[in-house]
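These are the residues of each chain, in order.
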Amino acid sequence: RGVSCVIASGLASAAQRQWQWPVEMLYRNYRNPHLGNDLPIQRLPAKVADLVSVIAAIAPTDIVVALGSSFVPEINRDLGQALQQHLDGPLMVMDAVSRLPFPLPGKILMIGSASEYGQFTDQPVGEDHPTDPRDHYGHIKLTLHELGLYYHRMHGLPILHIRQFNVTGPDQDPRFVLPSI
């Protein structure tokens, strides 16, 4: 069971349908219409105390945090909205988990981006490659990584931060290159 949003919809669907895992989803600003009605979905509460209650009631083993848009032109158009989408929600989730009356038995997976590395010529890029973001999106995702490190160090949260490269698949927004072809 976990908390997730837009990019994690494929994972949530597979976890429930193929692996028979119980899944609960929370969304912040956008309820993905492709999920249908077979997954329990609710809006992310506005207050951390309410989110603590929701997470405690769900009693997740693992949590996937995938909030915000990955469409870079949109992020560059409205940096304030991008900060709110990418940092406020994940920060609320980490803060809520740190306040739970019990430890999370599994992990919190934070979805980052290869944009955190900036430009690179190395192939393949390893995790020890230096970060040097070149746009707002990369900087926001790197900040998310740093917030995860803080919550791990200060509160012992079991956070994994991944930097994925070029994600595509069914129901991806047609503004991206591959679905538009």
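Remember, it's a predicted structure, so these values are computed and weren't measured experimentally.

The subject of this paragraph is helix H2 (residues 48-58). If you check which residues of H2 are buried, you get Val 48, Leu 51, Val 52, Val 54, Ile 55 and Ile 58. The arc that holds every buried residue of H2, seen down its axis, measures 165 degrees, which confines them to one face. Those residues of H2 that are exposed and angled more than 90 degrees off the buried face are Ala 49 and Ala 57. Directly after H2, the chain includes Ala 59, whose backbone phi takes a positive value near 55 degrees.

A complete count under the given rule lists three salt bridges for this structure. A salt bridge links Asp 95 to Arg 99; the nearest nitrogen and oxygen atoms lie 3.1 Å apart. Assessed through its relative accessible area of 52%, Arg 99 is described here as exposed. Its salt-bridge partner being Glu 116, residue Arg 163 comes within 2.7 Å of it at the nearest N-O pair. Here the residue Arg 163 occupies a position in the loop between strand S5 (159-162) and helix H6 (177-180), and Glu 116 occupies one in the loop between strand S4 (108-111) and helix H5 (136-155), the gap between them amounting to 47 residues. Considered together, Arg 163 and Glu 116 belong to a single accessibility category, that of buried residues.

Reading across from one edge, S3-S4-S5 is the order of the three strands in this open sheet, with parallel pairing throughout. A single partner strand is all that each edge strand has here, and the edge strands are strand S3 (63-65) and S5. Averaged over all pairs of adjacent strands, the angle between strand axes in this sheet comes to 20 degrees, irrespective of strand direction. By the bridge criterion, four bridges tie S4 to S5 in an arrangement that is parallel. Paired with Ile 111 across the two strands is Ile 162, which belongs to S5. The strands touched by H5 are S4 and S5; relative to S5, the strand with the most contacts, the crossing angle is about 165 degrees.

Turning our attention to the confidence of the model for the protein. Close inspection of predicted coordinates is inappropriate for parts of the model with low pLDDT. Summing up the model confidence of the protein, the mean pLDDT is 82 and the portion of residues at 70 or higher is 81%. Here H6 stands out as the least confident element of the protein, with mean pLDDT 62; H2 is the most confident, with 96. Across residues 1-6, confidence stays below pLDDT 50; counting only partners more than four residues off in sequence or on other chains, it has 35 contacts.

Once that is clear, we can look at the nonpolar core. The tendency in soluble globular proteins is for nonpolar side chains to be buried as a group. In this structure, Leu 51, Ile 63, Val 97 and Ile 108 are the most contacted members of the largest nonpolar core, which totals 29 residues. Mapped onto this core, the elements with two or more residues apiece are H2, S3, helix H4 (79-98), S4 and H5. The element contributing the most residues to this core is H4, with seven residues. The residues contacting Ile 108, other than those within four sequence positions of it, are Ile 63, Val 65, Val 97, Leu 157, Pro 158, Ile 159 and Leu 160. In this structure, Ala 15, Val 23, Met 25 and Leu 39 belong to the second largest nonpolar core, which totals five residues.

Cut-offs applied
- Residues numbered from 1 in each chain as written.
- Predicted model: local features only at pLDDT ≥ 70, side-chain atom pairs only at ≥ 80, totals over all residues.
- Heavy atoms only, no water.
- Buried < 20%, exposed > 50% of the residue type's maximum accessible area, 1.4 Å probe, protein only.
- Helix = DSSP H or I, 4+ residues; strand = E, 2+ residues; numbered from the N terminus.
- Arc of directions from axis to C-beta.
- Salt bridge = Lys/Arg side-chain N within 4 Å of Asp/Glu carboxyl O.
- Pairing = 2+ DSSP bridges.
- Axes fitted to C-alpha atoms, helices over the stretch in contact; angles between N-to-C directions.
- Contact = heavy atoms within 4.5 Å.
- pLDDT = per-residue confidence, 0-100.
- Core = buried A, V, L, I, M, F, W, Y, C linked by side-chain atoms within 4.5 Å.

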